[in-house]
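Per-entry structural report
Chain residues, written in single-letter form:
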Amino acid sequence: LNLIQTLCFSDDGVLYGAEGSLWIVDMTTGAPSFVAYMPPIGLLGGIEFVPGQPAPFSLGVKGTSGGPMGAFAAGATPGGSVAILFAQGGGGPTLIQSGMPCSGNWIDLNGTAALIQVARADAQGKVEIGPAHVPPLQAGNLRLQALDLATCATSNLARVLF
């Protein structure tokens, strides 16, 4: 991870950073969660969110491995259910099997994907789970993704890096 070149809060209070990639930044520890790669444009500065736009469905992690960690999502269906999933090791994609909510859709987790928790989004479309103790050996090995069960939209893939 290079130095984050620019920071910006979204309308719903999520702190984003950019440096060739877009990251969600835990405001307590400063640990970033990867959201997406950005096209190479050189140095970045002064990113901002345009007011009144719908929040992107995004997932971030709070805390660092070896201690209590949690996850939070924004941009979910207000009042809807959100599944927080995890997998160990490399990425996916993996097809959601028939008989499961959102079957036939793909998630960016490998075949070890399992459910952590289903949580109800608040009126602003935010969800928060945890804290739970995460062993230090999970750093670099644990991946999470949120699934909006109302729309079957998937969030970014969040990796526990620290």
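Structure: see above.
Presented here is an overview of the structure given in this document. (Residues numbered from 1 in each chain as written. Predicted model: local features only at pLDDT ≥ 70, side-chain atom pairs only at ≥ 80, totals over all residues. Heavy atoms only, no water.)

**Structural notes on the state of the cysteines**
What we call a disulfide is simply a covalent bond connecting the sulfur atoms of a pair of cysteines. The cut-off we apply is this: Note on terminology: disulfide denotes any pair of cysteine sulfur atoms within 2.5 Å. Every helix listed is a DSSP run of H or I at least four residues long, and every strand listed is a run of E at least two residues long, numbered separately from the N terminus. Think of it in three bands: residues with accessible area under 20% of the maximum for their type are buried, residues over 50% are exposed, and the middle band is partly exposed, with areas taken using a 1.4 Å probe on protein chains only.
Going through the model one piece at a time under the given rule, you end up with one disulfide. Sulfur-sulfur distance for the disulfide between Cys-102 and Cys-152 comes to 2.2 Å. Its torsion about the S-S bond being -90 degrees, the disulfide of Cys-102 and Cys-152 is classed as left-handed. With Cys-102 in the loop between β8 (91–95) and β9 (106–109) and Cys-152 in the loop between β12 (142–148) and β13 (158–159), this residue pair connects regions lying 50 residues apart in the sequence. Residue classification places Cys-152 among the partly exposed residues on the basis of a relative accessible area of 25%.

**A word on the pattern of salt bridges**
We count it as follows: Salt bridge criterion: a side-chain nitrogen from Lys or Arg within 4 Å of a carboxyl oxygen from Asp or Glu.
The full count for this structure, using the stated rule, is one salt bridge. Ionic pairing is found between Lys-62 and Glu-128, a salt bridge with its closest N-O pair at 2.9 Å. With Lys-62 in strand β5 (residues 58–62) and Glu-128 in strand β11 (residues 127–134), this pair connects stretches of sequence that are 66 residues apart. Glu-128 gets classed as exposed once you look at its relative accessible area, which sits at 54%.

**A short note on the pairing of strand β1 (residues 6–9)**
The criterion, for reference: Strands are treated as partners if at least two bridges between them are detected by DSSP.
Residue alternation in β1 divides its side chains into a buried set, Thr-6 and Cys-8, and an unburied set, Leu-7 and Phe-9. Examined bridge by bridge, β1 and strand β2 (residues 15–18) share four bridges and lie antiparallel to one another. Bridge pairing links Phe-9 to Leu-15 in β2.

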